[in-house]
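Architecture and fold: a report
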Amino acid sequence: MGRNIIELKNLTKRFGDVTVVNNINLTIKENEFVTLLGPSGCGKTTTLRMIGGFEEPDEGQIFFEGKLLNPIPAYKRNINTVFQRYALFTHMNVFENIAFGLRIKKIPKDEIEKRVKRMLKLVDLEGFEKRNVDSLSGGQQQRVAIARALVNEPKVLLLDEPLGALDLKLRKEMQIELLDMQRSIGITFIYVTHDQEEALTMSDTVVVMNNGVIQQVGTPQDIYNEPINRFVADFIGESNIIEAVMLEDYKVAFDDVVLDCVDKGFAKNEPVDIVIRPEDIRIVTNPDEGMIKGTVKSVIFKGVHYEMMIESDTGREYMVHRTIAFPVGSYVGMNVQPFDIQVMKRGDPL
Amino acid sequence: MKKAVKRIYMGIIFLFLYAPIIVLIVFSFNKSKSRGQWGGFTLDWYVDLFKDRQIREALYFTLLVAVLSTLISTIVGTIAALGINNMGKFSRSVILNINNLPVLNPDIVTGVALMTLFISVKIELGFVTMLIAHIVFSIPYVILAVLPKLRQMNKHIAEAAMDLGATPSYALRKVIIPEIAPGIISGALMAFTLSIDDFVISFFTAGTSATNLSILIYSMAKRGVKPTINALSTLMFTVVLILMLIINKKSEKGEEILL
C-alpha cells in the first residue's frame, strides 16, 4: 500500500434540511480495500456517489491523486462503479455490456475483443458473450457488472452493496472471489455495505459511519476489538455494553464489581462505557470462583456455540457465547480477562 | 354442462361485437348493389375505390396526417415521459392526472374545443389544424406507453452509462432510448392507429380543404351507402386490426418486435 489516491476533506452533503454526510475527512491509499460500513441512511452510499460524481458535495473537496475532483463530471473520472442491482444494459448482450466503456474510448475492435475476453475469463463467464443479460442468474449478472467496470482499468472501483441481492451462500463465495480479484489486479476498492461480517471479512480498512459522521476508521481487528464508542461496539458484532466508572488506571468498576483492565489515561472516577464480547466471558461452575455471580436465564443453540443470557445478582443481564451449555436456572460464576475489556469514553446514550 | 353454457355465453358476446363488421366485410365482396341480397363474389368495389380520385386524395391525407402526427407525438411524448419520470412524487401524480384527462374526455368535446381554439386565434381550418389536433390527442397515449418502461428500468442505468464514460447525450441515445424502445414503439403504433381511426376530432378541425377517409365515408354515407364504402371500411378495419395485433403481441411478449 502506497500513496494516497483519494482524499475527502470536510465533505458535506445535504438533501433539503437533512445533512446526510456531515463534514467527513478520509484518506484512502492505493490498492487499499476500504469498506464504508453503517446502518441504512448513515451516508455511506451518498459518500460513494460523491466520489463517483453522481452527487455534488455541498461543501468540502474530493481529491484524486492530489487533483481536485469536484468540477470533473462522472464520465470523465477514472473511477468505475458497480451499482446496486447491477444496472446492466438489458438491450445488449453480455459482450456489448462489457465493451460499452471501451467503445466510447474508441479502442480498436480487436483490442476490445481481447480485453473483453480477458475480463470474461477473470469473472469466470467464458462462453457467455452472446447471452442476453436478462437470462443470467443474479450471481452471473453481478459478475458482468464487475467485468463491465473493471475492463476500463480504473484506478478506483466503487462498489455499492454489490452482493445485497444474492443469497447467503453465493454472497460468501462472491466475497472471496471479489477479494481475490482485488488482490490480483491490485486496484483500490471502495466498498459500501451494511453487513458488518462482510466488512470484517474483506476489508483492509473499515470506516464505520452513523448519521453522516465517521465514527471510527481502522483495521477489522481494531474495529472489532477496540471499538471507540457504544455505537461501533453495538453495530459490530454482539456485545455487552456496560456503563462503568474508571477508578484509577487499570481499574474499572460497575455494580458491585471492580475489574482489572489494560486501559489508562482516564481521569479519576471518570464515567466510561465498557465493552465485553460475549465470547470473552468464561463460565465456572463454582460461583465463588467467578468475579461476577449469576443465574442462567436462557440458552439458545446457535450452531457454532450456545448463546446464554445470565443475570447477575445485581440484576444485570450478560450475553455469553460458549460451546458448552449450562442448564437454565444454574447458578454460576463469570470471569473476564483484563485484555478482553475495552474501555471507551462515554458518548451519547444510545 | 357449465362449460358449455360458458362457451355459448362467450359466443353470443363475440357475435354481438363482430357481427356488424362481418356483415360489412361480406357485403364489400357483393356483386349486387343492393344491401339486402347476395349477388355473387366480386372485387369490383375495391377496384372502384382506387379509381376514385376523391378517395385517393382522402387516403393520402389520412396517411400523411397519421405518419406526421405519429412522428411528432412520439418524439414529444417520449421527451415528456422522460421529464415526468424524473419528477418528484407529487408533481408526477399531478402531471399524470392532467395527462389522463384528455384520454377520458369525450372526443366531441376535444374536437369542438380545438375548433373553437383554432377559430379564436384565427388559424384557418385545414390540413395543418387537423395535424395539430391529431398530435394533441396522441401525445397522452405515447406518454402512457413510455412511462411504464421508464419505471421498470433500473434507476441507475443512466449513471452506469456515464460512469463508463458516456456523455449525458450519448447515454440518452445509446442506452436510455434503446432500453425504452418497446414502449416508444407501442406508443407510436397506438398514435398511428388512433389517427387513422379518428373521425369526430378530424371532422371538427379539418375544415373544408382537407378530407380524410373517415370524413369522406361519412359524407358519402349521407348520400346513401354505396358498396365502395363497405370496401373502404373493410380496408380501414383491416389496417387497424393488424396494428392492434402487433401492439398486443408486443405487450404480451413484453419486448421489442422489429417492424
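Note that the structure is a prediction, hence the values are computed from the model and not measured. For every chain, the first residue of the written sequence is number 1, and numbering continues from 1 onward in sequence order. Each chain is given a letter, starting from A, and each ligand a number, starting from 1, according to the order in which they appear as written. Local features in a predicted model are, by the rule used here, given only for residues with pLDDT of at least 70; side-chain atom pairs are given and counted only at 80 or more, and totals for whole chains, interfaces and linings are based on all residues. Values shown for side chains rest on all heavy atoms present in the structure; no hydrogens or waters enter the calculation.

1. Some remarks on the overall build of chain A
Counted only if it meets this: Helix and strand labels come from DSSP, where a helix needs a run of H or I of at least four residues and a strand needs a run of E of at least two; each type is numbered from the N terminus. A simple rule labels every residue: compare its accessible area, found with a 1.4 Å probe on the protein chains alone, to the largest value its type can have, and call it buried under 20%, exposed over 50%, or partly exposed in between. Method for areas: the Shrake-Rupley scheme with a 1.4 Å probe, in which residue coverage is limited to the protein chains shown. Working convention for charge: Lys and Arg count positive, Asp and Glu count negative, and His plus the chain ends are omitted. A charge is said to be at NZ when it belongs to Lys, at CZ for Arg, at CG for Asp and at CD for Glu.
Assigned secondary structure in chain A consists of eight helices and 20 strands. The dimensions of chain A, computed from C-alpha atoms along their principal axes, are 80 × 45 × 40 Å. Buried residues in chain A amount to 52% of all 350 residues. When the accessible surface of chain A is summed, it comes to about 16,100 Å², and 49% of that surface belongs to carbon and sulfur atoms. Placing the 42 positive and 51 negative side-chain charges of chain A at their respective mean positions leaves the two points 9 Å apart.

2. Description of the packing of helix α3 (residues 53-85) of chain B against helix α6 (residues 127-152) of chain B
All names here are of chain B. Operational definition: Here an axis means a line fitted to C-alpha atoms, over the contact stretch when the element is a helix, while the angle between two N-to-C directions is reported on a 0 to 180 degree scale. Oblique is the label for any angle not under 35 degrees, not over 145, and not in the 65 to 115 range, which are roughly parallel, roughly antiparallel and roughly perpendicular in turn. What makes a crossing left-handed is the near helix being turned counterclockwise from the far one by less than a right angle; a clockwise turn instead makes it right-handed. Gly counts as polar in this scheme, as do all residues outside two lists: the nonpolar Ala, Val, Leu, Ile, Met, Phe, Trp, Tyr, Cys and Pro, and the charged Asp, Glu, Lys and Arg.
It is the contact of α3 with α6, at a shortest axis distance of 6 Å, that shows an interaxial angle of 40°. On the basis of the axis angle, α3 is oblique to α6. The crossing of α3 and α6 is right-handed. Of the residues in the contact of α3 with α6, the class split is 20 nonpolar, eight polar and one charged.

3. What about the sheet that holds strand β13 (residues 257-260) of chain A?
All names here are of chain A. This is how it is decided: Strand pairing requires that DSSP identify at least two bridges connecting the strands.
What the five strands build is an open sheet, ordered β13-β12-β11-β14-β20; its pairing is antiparallel. Of all strands in the sheet, those with a lone pairing partner are β13 and β20 (341-345), marking the two edges. The average angle at which neighbouring strand axes cross in this sheet is 40°, direction not considered. Inspection of the sheet shows strand β11 (residues 240-248) paired to strand β12 (residues 251-254) by three bridges, in the antiparallel sense. Directly across from Met 246, in β12, lies its bridge partner Val 252.

4. Brief notes about the packing of helix α4 (residues 138-150) of chain A against helix α5 (residues 168-185) of chain A
All names here are of chain A. Put simply, the rule is: Note on contacts: a residue pair is in contact if any heavy atoms of the two residues lie within 4.5 Å.
At a minimum axis distance of 12 Å, the contact between α4 and α5 shows a crossing angle of 15°. Taken together, the axis directions place α4 and α5 in an arrangement best described as roughly parallel. α5 is crossed by α4, and the crossing has right-handed handedness. Every residue of α5 that contacts α4 at Gly 139, Gln 142, Arg 143, Ile 146 and Leu 150 is listed here: Leu 170, Met 174, Glu 177, Leu 178, Met 181 and Ile 185. Broken down by class, the residue content of the contact of α4 with α5 amounts to seven nonpolar, two polar and two charged.

5. Overview of unusual backbone geometry
Residue and element names in this part refer to chain A. Even without a glycine there, the phi angle at Tyr 86 is positive, about 70°. Note that Tyr 86 resides in the loop between β6 (79-82) and α2 (94-104). Given the relative accessible area of 6%, Tyr 86 is considered buried.

6. Points about the pattern of salt bridges
Residues and elements named next belong to chain A. For clarity, the threshold we go by: Salt bridges are defined by distance alone: a side-chain nitrogen of Lys or Arg within 4 Å of a carboxyl oxygen of Asp or Glu.
In the structure shown here, the tally under the stated rule is 27 salt bridges over all chains. Here Glu 96 and Arg 103 are joined by a salt bridge, their closest N and O atoms 2.6 Å apart. Among the residues examined, Arg 103 registers a relative accessible area of 31% and is labelled partly exposed. Measuring nitrogen to oxygen at the nearest pair gives 3.7 Å for the salt bridge that ties Arg 282 to Asp 340. Placement of the pair is Arg 282 in strand β15 (residues 281-284) and Asp 340 in the loop between β19 (331-336) and β20, with a sequence separation of 58 residues. On the basis of relative accessibility, which here comes to 13%, the residue Asp 340 falls in the buried class.

7. Here we look at the packing of aromatic side chains
Worth spelling out the cut-off: Working definition: a ring pair exists when centres of Phe, Tyr or Trp rings (six-membered ring for Trp) sit within 6.5 Å. Plane angles under 30 degrees give stacked, over 60 give edge-to-face, the rest tilted.
Evaluated as defined, the whole model comprises 16 aromatic pairs over all chains. Both rings, one in A:Phe231 and one in A:Phe235, keep their centres 5.6 Å apart while their planes meet at 10°; by these two values the pair is stacked. Of this pair, A:Phe231 and A:Phe235 both sit in helix α8 (residues 230-235), four residues apart, which is roughly one turn of that helix. A residue is classified by how much of its surface remains accessible, and A:Phe231, at 13% relative accessible area, is buried. Seen from their ring centres, B:Phe199 and B:Phe203 are 5.3 Å apart, and the 40° between their planes marks the pair as tilted. Classification of B:Phe199 as partly exposed rests on a relative accessible area of 24%. Through successive ring pairs, a cluster of aromatic residues spans B:Phe199, B:Phe203, B:Phe204 and B:Tyr218.

8. Digging into the interface of chain B and chain A
Threshold: For any pair of parts, buried area is found by adding up, for both, the accessible area (1.4 Å probe) each one loses once the two are put together. We define a polar contact as two N or O atoms separated by no more than 3.5 Å, with the added condition that, inside protein, one atom must be a possible hydrogen donor and the other a possible acceptor, whereas residues neighbouring each other in sequence contribute only through side-chain atom pairs.
Taken together, the 18 residues of chain B in the interface contact 22 residues of chain A. Of the roughly 1,800 Å² buried at the junction of chain B and chain A (both faces included), carbon and sulfur atoms supply 62%. When residues of chain B are sorted by the area they lose upon contact with chain A, B:Glu159, B:Asp163 and B:Leu164 head the list and together hold 37% of the total. Its salt-bridge partner being B:Glu159, residue A:Arg49 comes within 2.7 Å of it at the nearest N-O pair. If you look at where chain B meets chain A, you find seven residue pairs in polar contact (both at pLDDT 80 or more). Secondary-structure elements contributing two or more residues to the side of chain B that touches chain A are α7 (157-163) and α8 (168-197) of chain B. Its residues placed into classes, the side of chain B that touches chain A shows ten nonpolar, four polar and four charged.

9. A few points about the domain arrangement of chain B
Residue and element names in this part refer to chain B. Quick reminder of the rule: Start and end points for every domain follow an automatic or database-based domain assignment.
Along its sequence, chain B is carved into domain 1 (1-42) and domain 2 (45-253). One C-alpha centre belongs to domain 1, the other to domain 2; they are set 30 Å apart. Contacts between the two partners involve eleven residues from domain 1, matched on the other side by nine residues from domain 2. Of the roughly 940 Å² buried where domain 1 meets domain 2, counting both sides, 69% is carbon and sulfur surface.

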